[in-house]
Amino acid sequence: MTTPRRGVTRGRVALVVVLIALFLFITSIRGVAGFYTDFLWFDSLGFASVWRTVLGTRVLLVVAFTLIFFVLMWINLAIADRLAPETRAPGPEEELIERYQEFVGGRRLLVRSGVSLLLGLIAGTGVSGQWENALFFFNRREFGIEDPQFGRDVGFYVFQLPFIGFLVSWFFAAVLIVTIVTAVAHYLNGGIRLQPEEGDRVTPQVKAHISLLIGILALIKAVGYWFDRFELTLSQRGFVDGASFTDIEAQLPALNLLVLISLFAFGLLVFNIWRRGFTWPILAVGLWALVAVVAGGIYPAFIQRFRVEPAESSREAPFIERNIEATRVAMGLDDVLIEPFEYEPVLSPAEVEASRETVDNVRLLDPGVVRDSFQRLEGVRSFYDFQDLDVSRYEIDGETVPVVLSARELDVGGLATRTWEATTIRNTHGYGLAVAPSNRVEPGGQPDFIVSGVPIDSESAQLSIDQPRIYFGEGLGGYAIIGAETDEVDFQTEDDIVQDFRYDGEAGVGIGSFLRRSAFALRFGDLNPLISSEMQSESRILMNRDVVDRVETVAPFLRLDADPYPAVIDGDVIWILDGYTITDRYPYAQEADRDQLSPGTGLTTDFNYIRNSVKVTVDAYDGSVLLYVIDESDPLIQAYRDIFPDLFADGPPSAELEAQFRYPEDLFRVQTNMWGRYRIERPGDFYVQTGAWDVAQDPGNQLGQRSTVTEFDEETGITRETDARIAPQYLQMTLPGRDSAEFVLFRPFSPFSEVGNRPQLTGFMTAGSDPGSYGELIVYEIVGGAAPDNPAQFASESATTPEISRVFSLLEGDGSEIVAGNLLLVPVENSLLYVRPIYLQAQGATPLPQLEQVIVGFEDRVVMRDTFDEALAAAVRDLAVVDETDLPDTDDADDPTAPPGDDDGSVDDPPETTEAPPTTSPDTTPPPAEGSVEELLQQAADAFAEAEEALRAGDLAEYQTLVQEAQRLVDQALAQSAPDPPPEPETTTTTEAVGTDA
């Protein structure tokens, strides 16, 4: 058996040591590189002061708390050395202590300082995460609202209490560690003996020292109990969040008692400095522990069980009232306007005409469905991608038009060549937008693009794009190099025409020097920026190109909405993001209901206060970031402006930019989720949820199927399936009682039910987005007779209507499938109109959905037609004819003498009378028509043809008049030809569900 040579073993050890050292060096130098490149990036955006403020605060906290701990530890270790006994009683620990003393020798100062510094760094490093609380503490603002229990301004709880609580906890932990380490030092110095053969276990001087330290702990604990009293306003013990009956009647007195007990314990421990025994410390600690367990735990639990629970509604009533008031303010629901909606099930042509702005702007393009159409029709090349479709509106030729739009972004995954040069230098950006009105489609059912193509083709001067290049967008990862030796690909058409481009904007960090290229190579772990011959002195690097990441890096205190959207502002493509300020420290306010927020939302943490304080813009070409404060009343954003004065824009946004602002969807989701419960004002009704609402169910995209989502309950750890709630919808509509159309967010409500059975609507909330009405929340409460069905119920019933289900059966098949779009609920005068676009698409990897049919309904009337105008006209006309003419039922559907009409009777059969039905004017009876039966029928056919033209023009009133005139002519022809039946008019008829109504 051979033994390994010692030289070989030492060589392996040396190699391991070298590798470890090399790893540590690379890791540390990459950290330095990241630190340096972060500064360069902030500086390139003009936000170096933000970087310095955050970094400076972090460093200051670490240094300050490290120094504080170092001094505390060093002084107490020095005292321990000074109190070391000159002679030590013999015992079994003597050998260990002698070895320690020999090791320390004359290096006591060095050991003391080293231990203090090491522990100080450990205790101080973690404090850097408190930078925001520290800055809040020193830049605190007042809310102007006092909490009802202690009379403190809300700002105390938001800005001061968190940092105070941290300080108390840190000092308690620090003194506790100092006490333990000091006790160990006394042991090593011989002042403490665990198994003495003679003498005391602890010398009197050590007893005094330890007593003082424990006394300081008791004093810190007293301060902590005092401030814990204010934390009760954030309690979650009761029926609602905030201090409850038990908190005020049991927990608060217990905390007051614990303050006194802690102060008393401090006095006993200080007194023990002179007594130098263990009786008083044990008595103090024991008394504190007993009171903490009994008064702080057992007594409140007793009160909760035997006083509160048997009469919870009455006991908690005043605290529920506090919670309702605070929650409404904290969630921005205190200024909600409540309007009655006198619901009427009927809808006349005149009412439709009066709501022409609403009817003409009904959204037929569902962004979630037609994204595939955008990709197929406007993607141009495989490396262009439409990440997300957004809903907005633009003033075009003096008229506000609702649109669906998306940016044509770069998708490097679709490139044929994916080398470093191809993905970083050659292909650097997307190109332009695709914009289509959301209220109309082309004859084939596809979006009618008004901005399209590569290069850009815009049909509207208001949507003219001077700088279409998209260097910053949604989902853009990695980095890009501009100003390289090789030109960039500007765009590539379907005809393989390639246009080159050289970037001339201000974006990017210069990497012309070897130092900077090395730093970025280390940061990204990529050697190419350092060695590539493409690098030039004017080369720059673009990073943080995803607009959400970019803003989160610039302003880490903001929580961002899940849906950034592009806008055309002064010929440039500008991304608009909504920034929220939140806190979970608002006294008595309820934790926000974050149920079913949008994927990717920044509202991922608990909060009980929220404001949409900031609108952020990111230029898609140069990446410049501007933060506009739009809610000056928010104390949180006021404090942030004091902390980062150079971060926010000095002036207000331009009128053109402000016109593109939208009320943010995530905020509206939270507010509507909360309103269903917090619309109740009386504590007694709130307790039993009398009159509570819930957001209406989402009908989903599958016809006739209930839409559900899977949720994880963090409290129980159980995954359950629950009803999906209908998403907020951006609509251009005239609100009830208003004179002109507005761009609003809309969400309907149903009665609250634990089992999800909510068949009726109770109301709806809107949020204004236009300048002048931005942020205005209005709740319309449905009053009157029977309430209408909720969207899910309407969708289920309409899908099972025989005429509609028959058409669905005909449409599906041969590789095609039906996709239902958003079910829209549109207020029209005092009625509610349901509109749902129906798309047909081929099954496969590259679907191209096209608008095939539109369902329109109200009350119990449901029709489906090729277009929205046709469906609306059919639904309104059928009900109006029955109501206005009171025609009797007939059974002559198969009679060849019957007038043109749908086979289900949507155009009523002619009455068996020679009297003509009334026309649209009740005061003027038209003269009887003259001519033979054939001439009368020809006139009727002409009237039907004119009605068809009026329908296509969207003139429902004229359409109704002409249809009634045609029916009158048919009736006269029938009267002249009796008993022989008249010939059938030369018009075509269609079914109720498909085609153009006659």
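Residues numbered from 1 in each chain as written. Predicted model: local features only at pLDDT ≥ 70, side-chain atom pairs only at ≥ 80, totals over all residues. Heavy atoms only, no water.

Draft legend 1. Up close: the overall build of the protein. When its secondary structure is counted, the protein shows 26 helices and 32 strands. In the protein, buried positions account for 52% of the 998 residues. Long-range contacts, defined as pairs at least 24 residues apart, comprise 70% of the intrachain contacts of the protein with a sequence gap of at least 6. (Helix = DSSP H or I, 4+ residues; strand = E, 2+ residues; numbered from the N terminus. Buried < 20%, exposed > 50% of the residue type's maximum accessible area, 1.4 Å probe, protein only. Contact = heavy atoms within 4.5 Å.)

Draft legend 2. Seen up close, the sheet that holds strand S15 (residues 540–542). The sheet built from 3 strands is open, its strands ordered S11-S15-S14 with antiparallel pairing. Of all the strands in the sheet, the pair left with one neighbour each is strand S11 (480–482) and strand S14 (509–510). (Pairing = 2+ DSSP bridges.)

Draft legend 3. Broad picture of the pairing of strand S27 (residues 777–784). Bridge count for strand S1 (residues 337–343) against S27 is 7 bridges, and the pairing is parallel. Across the sheet, leucine 337 pairs through a bridge with isoleucine 778, a residue of S27. Bridging between strand S26 (residues 763–768) and S27 involves 5 bridges; their strand directions are antiparallel. Looking across to S27, one finds that phenylalanine 764 is bridged to tyrosine 780.

Draft legend 4. Fine view of the packing of aromatic side chains. For the structure shown, the criterion picks out 46 aromatic pairs. Plain terms: the ring middles of tryptophan 226 and phenylalanine 230 are 6.4 Å apart, the flat faces sit at 85° to each other, and that makes the pair edge-to-face. Highlighted residues: tryptophan 226 and phenylalanine 230, both in helix H7 (residues 204–231), separated by 4 residues, approximately one helical turn. Residue phenylalanine 230 is classed as buried on the basis of its relative accessible area, which comes to 3%. What links up through ring pairs into an aromatic cluster is the set Phe136, Phe143, Phe159, Phe557, Tyr586, Tyr609, Tyr640, Phe644 and Phe648. The ring of tyrosine 225 carries the charged tip of lysine 221 above its face, separated from the ring centre by 5.5 Å. Cation over ring: arginine 679 sits above tryptophan 693, and NZ or CZ is 3.9 Å from the ring centre. (Phe/Tyr/Trp six-rings, centres within 6.5 Å; stacked < 30°, edge-to-face > 60°. Lys NZ or Arg CZ within 6 Å of the ring centre and 35° of its normal.)

Draft legend 5. Layout of helix H9 (residues 279–308). The first and last C-alpha atoms of H9 sit 40 Å apart over 30 residues, in line with the 44 Å expected at 1.5 Å per residue. Of the residues making up H9, those classed as buried are Pro281, Ala284, Val291, Ala295, Pro300, Ile303, Gln304 and Val308. Buried positions along H9 lie against H7, helix H8 (245–275) and helix H10 (312–330). (Expected span 1.5 Å × (residues − 1).)

Draft legend 6. Up close: the confidence of the model for the protein. Counting all residues, the mean pLDDT for the protein is 84, and 85% of those residues have values of 70 or more. Taken as a whole, residues 879–925 scores under 50 in pLDDT and shows 85 contacts with residues more than four places along the chain or in a different chain. Note that residues 980–998 has pLDDT below 50 and, in this model, 74 contacts with residues that lie over four places away or in other chains. (pLDDT = per-residue confidence, 0-100.)

Draft legend 7. Region of interest: the environment of arginine 322. Along the chain, the position of arginine 322 falls in helix H10. For the pair arginine 322 and alanine 243, spaced 79 residues apart in the sequence, the C-alpha separation amounts to 9.2 Å. Beyond its immediate chain neighbours, meaning those up to four positions away, arginine 322 contacts Pro148, Gln149 and Tyr588.

Draft legend 8. Main features of the packing of H8 against H9. Running from N to C, H8 and H9 cross one another at 175°; their axes reach a closest spacing of 8 Å. Relative to H9, the element H8 lies roughly antiparallel. (Axes fitted to C-alpha atoms, helices over the stretch in contact; angles between N-to-C directions. Parallel < 35°, antiparallel > 145°, perpendicular 65-115°, else oblique.)

Draft legend 9. Layout of the pairing of S26. Buried residues dominate S26, accounting for 6 of its 6 residues. Neither face of S26 is left uncovered, since the one carrying Gly763, Met765 and Ala767 and the one carrying Phe764, Thr766 and Gly768 both have all their residues buried. Here 6 bridges tie strand S25 (residues 742–751) to S26, and the two strands are oriented antiparallel to one another. Across the sheet, leucine 745 pairs through a bridge with alanine 767, a residue of S26.

Draft legend 10. Spatial organisation of the nonpolar core. Ile481, Leu577, Tyr586, Leu627, Phe644, Leu647 and Phe648 are the most contacted members of the largest nonpolar core, which has 132 residues in total. At 15 residues, helix H6 (residues 154–188) tops the list of elements feeding residues into this core. Excluding its chain neighbours within four sequence positions, the residues that come into contact with leucine 577 are Val547, Val548, Val551, Leu560, Pro564, Val614, Lys615, Val616 and Val618. (Core = buried A, V, L, I, M, F, W, Y, C linked by side-chain atoms within 4.5 Å.)

Draft legend 11. Main features of the pattern of salt bridges. Tallying each qualifying case throughout the model produces 31 salt bridges. Residue arginine 669 is joined to glutamate 665 by a salt bridge in which the shortest nitrogen-to-oxygen separation is 2.9 Å. Note that arginine 669 and glutamate 665 are positioned in helix H20 (residues 665–678) at a spacing of 4 residues, about one turn of the helix. We classify glutamate 665 as buried; its relative accessible area is 14%. Each member of the salt-bridge network shares a partner with another, and the members are Asp593, Asp595, Asp694 and Arg725. (Salt bridge = Lys/Arg side-chain N within 4 Å of Asp/Glu carboxyl O.)

Draft legend 12. Spatial organisation of the packing of helix H5 (residues 131–138) against H6. Direction vectors running N to C along H5 and H6 enclose 125°, while the axes themselves pass 8 Å from each other. In this view, H5 runs oblique relative to H6, as classed from their interaxial angle. As for how H5 packs across H6, the hand of that crossing is left-handed. Contacts between H5 and H6 involve Asn133, Ala134, Phe136 and Phe137 from the former and Val158, Phe159, Gln160, Pro162, Phe163 and Ile164 from the latter. When the residues that make up the contact of H5 with H6 are grouped by side-chain class, the tally is 8 nonpolar, 2 polar and no charged. (Left-handed = near helix turned anticlockwise from the far one by under 90°. Nonpolar A, V, L, I, M, F, W, Y, C, P; charged D, E, K, R; others polar.)

Draft legend 13. Geometry of the environment of phenylalanine 746. Mapped onto the elements of the fold, phenylalanine 746 is located in strand S25. A C-alpha to C-alpha distance of 9.3 Å links phenylalanine 746 and leucine 824, two positions 78 residues apart in sequence. Look past the residues within four positions of phenylalanine 746 in its chain and what remains in contact with it is Phe668, Ala727, Pro728, Gln729, Leu731, Met733, Phe764, Met765, Thr766, Leu825 and Pro827.

Draft legend 14. Spatial organisation of helix H22 (residues 791–799). If you check which residues of H22 are buried, you get Pro791, Ala792, Phe794, Ala795, Ser798 and Ala799. End-on, the buried residues of H22 take up no more than an arc of 165°, which puts them together on one face. Where H22 is buried, its residues touch S25, helix H23 (802–811), strand S30 (831–842), strand S31 (850–858) and strand S32 (861–865). One side-chain oxygen of the residue at the start of H22 lies 3.2 Å from the amide nitrogen of alanine 792, identifying that residue as asparagine 790. (Arc of directions from axis to C-beta. Polar contact = N/O pair within 3.5 Å; in protein donor to acceptor, adjacent residues only side chain to side chain.)

Draft legend 15. Spotlight on the side chain of serine 373. In this fold, serine 373 is placed in helix H13 (residues 367–378). Classification of serine 373 as buried rests on a relative accessible area of 0%. Beyond its immediate sequence surroundings of up to four residues, serine 373 is in contact with Glu378, Gln446, Pro447, Leu848 and Pro849.

Draft legend 16. Structural detail: unusual backbone geometry. The step from valine 454 to proline 455 runs through a cis peptide bond, and the omega angle for that step is 0°. Within the secondary structure, proline 455 sits in the loop between strand S8 (451–452) and strand S9 (457–458). Within the chain, asparagine 544 stands out as a residue other than glycine whose phi angle is a positive 55°. You can see asparagine 544 is positioned in the loop between S15 and helix H17 (547–554).

Draft legend 17. Quick peek at the side chain of threonine 246. Assignment of secondary structure puts threonine 246 in helix H8. Discounting chain neighbours no more than four positions away, the residues touching threonine 246 are Arg237, Gln251, Pro300, Ile303, Gln304 and Val308.

Draft legend 18. How the structure looks around the environment of isoleucine 610. By the element assignment, isoleucine 610 lies in strand S19 (residues 609–619). Along the chain, isoleucine 610 and leucine 636 lie 26 residues apart, while their C-alpha atoms are 9.7 Å from each other. Those residues within four positions of isoleucine 610 in sequence are excluded, and the remaining contacts are Ala330, Met331, Tyr580, Thr581, Ile582, Leu603 and Leu667.

Draft legend 19. Structural context of a nonpolar patch on the surface. On the surface, a cluster of nonpolar side chains totalling about 310 Å² of accessible area is made up of Leu67, Val71, Ile75 and Ile79. Relative to the assigned elements, isoleucine 75 resides in helix H2 (residues 48–82). (Patch = residues over 30% accessible without salt bridge, like charges linked within 9 Å, V, L, I, M, F, W, Y side chains within 5 Å. Areas by Shrake-Rupley, 256 points an atom, 1.4 Å probe, with all protein chains shown as cover.)

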